[in-house]
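Commentary on secondary and tertiary structure
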Amino acid sequence: QVQVVESGGGLVQAGGSLRLSCTASGLTFDDYVMGWFRQAPGKGREGVSYISRSGGSTYYADSVKGRFTVSRDNAKNTVYLQMNSLKPEDTAMYYCAADRPFTGFVFTPAKYNYWGQGTQVTVSS
């Protein structure tokens, strides 16, 4: 049974940093691409970052480029999202998602079969 678990969220002041972690079990981790998504109250789920199986390809939403960095450690079955220069508009529930490689837009939630429960990030002004 596949499980995806996020951690590392919290309350931080604007300009601060957080590092989110996502650990997946029940799968061969390096067979799976990983995505980070977020959802703010009253808004749809939006893609934040994507990383390929090897970590050689990454993508970011325009809103986080230059501030967020995604990485993965396949030996630890874990993907990370380093978030710097946080802004109040980054406040959201952050979700990690996994699936085998697919064609199409990497920030399409329906492309991912496995999701975590989310970790809350709140950025105060």
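Summarised in this report is the structure supplied together with it. Remember, predicted model here, so these are calculated numbers, not experimental data. (Residues numbered from 1 in each chain as written. Predicted model: local features only at pLDDT ≥ 70, side-chain atom pairs only at ≥ 80, totals over all residues. Heavy atoms only, no water.)

Before going further, it helps to examine the sheet that holds strand 3 (residues 18-25). The strands making up a sheet associate through backbone hydrogen bonding, with each pair oriented either parallel or antiparallel. Across the sheet, 4 strands lie side by side as 1-3-8-7; this open sheet has antiparallel pairing. The outermost strands of the open sheet, each flanked by one partner alone, are strand 1 (3-7) and strand 7 (68-73). Between one strand axis and the next, the sheet turns by 15° as a mean value, whatever way the strands run. Judged from the 6 bridges that link them, strand 7 and strand 8 (residues 78-83) form a sheet pairing that is antiparallel. Bridging across to strand 8, T69 finds its partner in Q82. (Pairing = 2+ DSSP bridges. Helix = DSSP H or I, 4+ residues; strand = E, 2+ residues; numbered from the N terminus. Axes fitted to C-alpha atoms, helices over the stretch in contact; angles between N-to-C directions.)

A few words now on the side chain of R38. Topologically, R38 is positioned in strand 4 (residues 33-39). Only 2.9 Å separates the side chain of R38 from the side chain of Y94, close enough to count as a polar contact. Contact partners of R38, with chain neighbours within four places excluded, come to G44, R45, E46, V48, S63, V64, F68, E89, D90, A92, M93 and Y94. (Polar contact = N/O pair within 3.5 Å; in protein donor to acceptor, adjacent residues only side chain to side chain. Contact = heavy atoms within 4.5 Å.)

Just geometry here; none of it tells us what the structure is for.
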